Amino acid sequence: MDRARHLFLIACVAVLGWVSPAHAQVQTQGEGTLLVNPHQNFVKGFDGTKTCLACHEQQAKHAFGSIHYQWKAPAPNLVNAGNQKIGKINSTNDFCTNPSFQWIAILTNDQGKVIGNGCSKCHTGLGLKPSETMSQAQLENIDCLICHASNYRREVVKKDDGSLAWMPAARGNAELMANIAQNVGKPTNLNCLACHVGSGGGLNFKRGDLETAHLRPTRDFDVHMGGGMQCIQCHKFKDHRVEGAGTQMSGMDWPTNEQRPQCENCHRGAPHKDGTLNRHASAVYCTTCHIPTFARKDPTDMRRDWSKAEEVKGEGRFEPHIEFGKNVKPAYAWWNGTGTIALLDQPVKPAANGKVSLYKPAGSISDPKAKIYAFKYHTGRLPIESASNRMVPVQVGATFRTGNTMASAIGGAKGYLGKELTAKDISYIEVDRWMGIFHEVVPKAQALKCADCHAASGGRLDWTALGYKGDPQKSGGRKVKATATKQ
């Protein structure tokens, strides 16, 4: 996973000087800040986060409470979460499972090459785990530069006391570090993509719709970012808390559907000249038609099996069995903005399809709040403790170094559950997860046409699975629901 981020950052460096093209709705910022040097009269040297706190302590306190730092938040959008705060830190996923016991490391292979640094590589901290109790140490642990300085790089270093921490790669160059700290600004697309493209173990492995091509996209690839839009124009921040997300296995900073970025926030009223298309919008979400495929340049992980591993040629490491897809057609389901997850502290039970759903969207044809959305449907195979049917997060380092996935499961049981299990105590389950697809919107000329869904045979939509009697365009099928009130 750290190699992926490294390669991505190399690509980022090549475009640091690129200036976004002009666009009517663009709030350009960031890429040109090296010429502006906005903090040169305030920052003469850089002494870690303490330098930022001298003027921005209140902002740091806001950041401390955000999901980017806490990695959990209230989750009323998860209908089975109860009153728990849910996030990466206390849930599991079908990629690298859980980060809490494999937080920071300098993991090397037999040749001494670093092959992993732990899951905190994309945390907005410097190595300490987040605590819900605010303290000076926690505030000084916030890494302001990872989001606010596009020319900042960091690496894991062993300190004199033997502990590990993320430190600037340029820490030995006082002049360069001062320059980096002086050239801070609002987060650019580069800041966001550096983590969100490389998540899940590789470039575009997890999301599927956030790729290296988004560094410098064309409008044909992504009509929004290719037109110069910044991530933070849709994902707006207030007090360092970000609006919304897609389909989540966790809580959100602003945990209401109203705070989720919506196409209608910009494309108000009846956006189509064709009235039929506007009527569809009562039941079909915009991206369902406007993202015909995803993973159009970088392949994406469509299945990950933690019961077996394979050698990564030329890298001196192993990884679990991964099946990739490219130019993938989405799966489709009704979604009303809420869903259910599989909780780590509760036994799991397979659904009718034989799989434990790590995230399942809620909604149906009879739900006036639901629309048909486009999803990445990801499947996997994960370990459980046979006696309790509780999921066991994997200790990824054991697989990376040796290819021994059972050792990863046993290490995960000890690290997360605090249990000394053996191979006979562990079995494997099939899992699935529905992940919303919201990026790579194409121009209208490339959007789906009527025949893509309403085909005589082989159309995209499984009408029966969606609750229709058949194609609603034909006799005997239910019409597009007219009871929905959302426009």
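Residues numbered from 1 in each chain as written. Predicted model: local features only at pLDDT ≥ 70, side-chain atom pairs only at ≥ 80, totals over all residues. Heavy atoms only, no water.

Visitor: What am I meant to see in the overall build of the protein here?
Guide: The helix and strand tally for the protein stands at 14 helices and 16 strands. Here the protein, with 487 residues, has 51% of them falling under the buried criterion. Across the protein, contacts joining residues at least 24 apart in sequence account for 69% of those joining residues at least 6 apart. Just so you have it, the protein exposes about 22,700 Å², and 54% of that area is on carbon and sulfur atoms. (Helix = DSSP H or I, 4+ residues; strand = E, 2+ residues; numbered from the N terminus. Buried < 20%, exposed > 50% of the residue type's maximum accessible area, 1.4 Å probe, protein only. Contact = heavy atoms within 4.5 Å. Areas by Shrake-Rupley, 256 points an atom, 1.4 Å probe, with all protein chains shown as cover.)

Visitor: I keep staring at the side chain of S150 and nothing clicks. Help me out?
Guide: Tracing the sequence through the fold places S150 in the loop between α6 (145-148) and β5 (154-158). At 3.0 Å, the side chain of S150 forms a polar contact with the side chain of T188. (Polar contact = N/O pair within 3.5 Å; in protein donor to acceptor, adjacent residues only side chain to side chain.)

Visitor: What is the right way to look at the pairing of strand β6 (residues 164-168) in this model?
Guide: Working note: regular strand, side chains alternate between the two faces of the sheet. For β5 and β6, the ladder comprises 5 bridges, and the chain directions are antiparallel. Bridge pairing in β6 places R154 opposite P168. Where β5 hands over to β6, the hairpin turn is made up of 5 residues, of which G162 adopts a positive phi near 90°. (Pairing = 2+ DSSP bridges.)

Visitor: I'm lost on the nonpolar core in this one. Help?
Guide: What tends to happen in soluble globular proteins is that the nonpolar side chains get buried as a cluster. In terms of nonpolar packing, the biggest core is built from 28 residues, with L78, I86, I341, V348, L358, M391 and I429 touching the most fellow members. Of all the elements in the fold, those that place two or more residues in this core are β11 (331-335), β13 (356-361), β14 (371-385) and β16 (426-436). Top element by residues in this core is β14. It accounts for 4 residues. With 22 residues, the next largest nonpolar core counts V223, A283, W334 and I437 among its residues. (Core = buried A, V, L, I, M, F, W, Y, C linked by side-chain atoms within 4.5 Å.)

Visitor: Help me out: how do you make sense of helix α13 (residues 405-417) in this one?
Guide: Two residues of an α-helix separated by three or four positions point the same way, owing to the 3.6 residues in each turn. Taking 1.5 Å of rise per residue, the 13 residues of α13 would be expected to cover 18 Å, and the 17 Å separating its terminal C-alpha atoms lies within 8% of that figure. Along α13, the residues classified as buried are T405, S408, A409, G411, G412, A413 and L417. Along its buried surface, α13 packs onto β9 (300-312), β14, β15 (390-391), α12 (396-402) and β16. Its side-chain oxygen at 3.2 Å from the backbone nitrogen of M406, N404 defines the N-terminal cap of α13. Following α13 by one or two positions, G418 has its phi on the positive side, about 70°. (Expected span 1.5 Å × (residues − 1).)

Visitor: How should the environment of T133 be read in this particular structure?
Guide: With respect to the element layout, T133 can be found in the loop between β4 (114-116) and α5 (136-141). Along the primary structure T133 and G65 are separated by 68 residues, whereas in three dimensions their C-alpha atoms are 9.7 Å apart.

Visitor: Could you clarify how one ought to interpret the side chain of T399 in this entry?
Guide: By the element assignment, T399 lies in helix α12. Note on T399: relative accessible area 0%, which makes it buried. Sequence-distant contacts of T399, that is, excluding residues within four places in its chain, are made with W306, A309, F318, E319, P320, N404, T405 and S408.

Visitor: Explanation requested: the confidence of the model for the protein in the structure shown.
Guide: Considering every residue of the protein, the mean pLDDT works out to 88; 88% of them sit at 70 or more. In the model of the protein, helix α1 (residues 2-13) stands out as the element of lowest mean pLDDT, 49, in contrast to α5, which has the highest, 98. Note on residues 10-34: pLDDT under 50 across the span, and 45 contacts to partners over four residues away in sequence or across chains. Confidence drops under pLDDT 50 across residues 482-487; counting only partners more than four residues distant or on other chains, this segment forms 8 contacts. (pLDDT = per-residue confidence, 0-100.)

Visitor: So what exactly am I meant to see when it comes to unusual backbone geometry here?
Guide: Excluding glycine, a negative phi dihedral is what most residues carry, and trans is how most peptide bonds are arranged. Even without glycine at this site, N327 takes up a positive phi of about 55°. Mapping N327 onto the fold places it in the loop between β10 (317-325) and β11. At E440, a position not held by glycine, the phi torsion is positive, near 70°.

Visitor: Would you mind showing me how to read the environment of S386 here?
Guide: Inspection of the secondary structure assignment puts S386 in the loop between β14 and β15. A C-alpha to C-alpha distance of 9.9 Å links S386 and I429, two positions 43 residues apart in sequence. Those residues in contact with S386 that lie beyond four places of it in its chain are D425, I426 and S427.

Visitor: So what exactly am I meant to see when it comes to the pattern of salt bridges here?
Guide: Any two side chains of opposite charge can pair if their charged atoms end up close together. Per the counting criterion, the structure on display carries 19 salt bridges. As a salt-bridge pair, E311 and K313 come within 3.9 Å of each other at their nearest N and O atoms. Classification of E311 by relative accessible area gives partly exposed; the value is 47%. (Salt bridge = Lys/Arg side-chain N within 4 Å of Asp/Glu carboxyl O.)

Visitor: Can you help me understand the packing of aromatic side chains in this one?
Guide: The way to describe two aromatic rings as a pair is by their centre distance and the angle between their planes. If you walk through the whole model with that rule in mind, you get 13 aromatic pairs. Considering the side-chain rings of F205 and F324, the 5.1 Å spacing of their centres and the 65° angle between planes classify their relative orientation as edge-to-face. Within this pair, whereas F205 is found in the loop between α8 (189-196) and α9 (231-234), its partner F324 is found in strand β10, the two being separated by 119 residues in sequence. With relative accessibility at 42%, the residue F324 sits in the partly exposed group. Measuring from centroid to centroid gives 5.4 Å for W463 and Y468, while their planes differ by 90°, and the two rings are edge-to-face. By the burial criterion, W463 is buried, and Y468 matches it. Taken together through their ring pairs, the aromatic side chains of Y285, W335, Y373, F375, Y377, W434 and F438 make up a single cluster. In this structure, K88 is placed above the aromatic ring of W71, and the distance from its NZ or CZ to the ring centre is 5.7 Å. Positioned above the aromatic ring of F400 is the side chain of R317, whose terminal nitrogen or guanidinium carbon lies 5.4 Å from the ring centre. (Phe/Tyr/Trp six-rings, centres within 6.5 Å; stacked < 30°, edge-to-face > 60°. Lys NZ or Arg CZ within 6 Å of the ring centre and 35° of its normal.)

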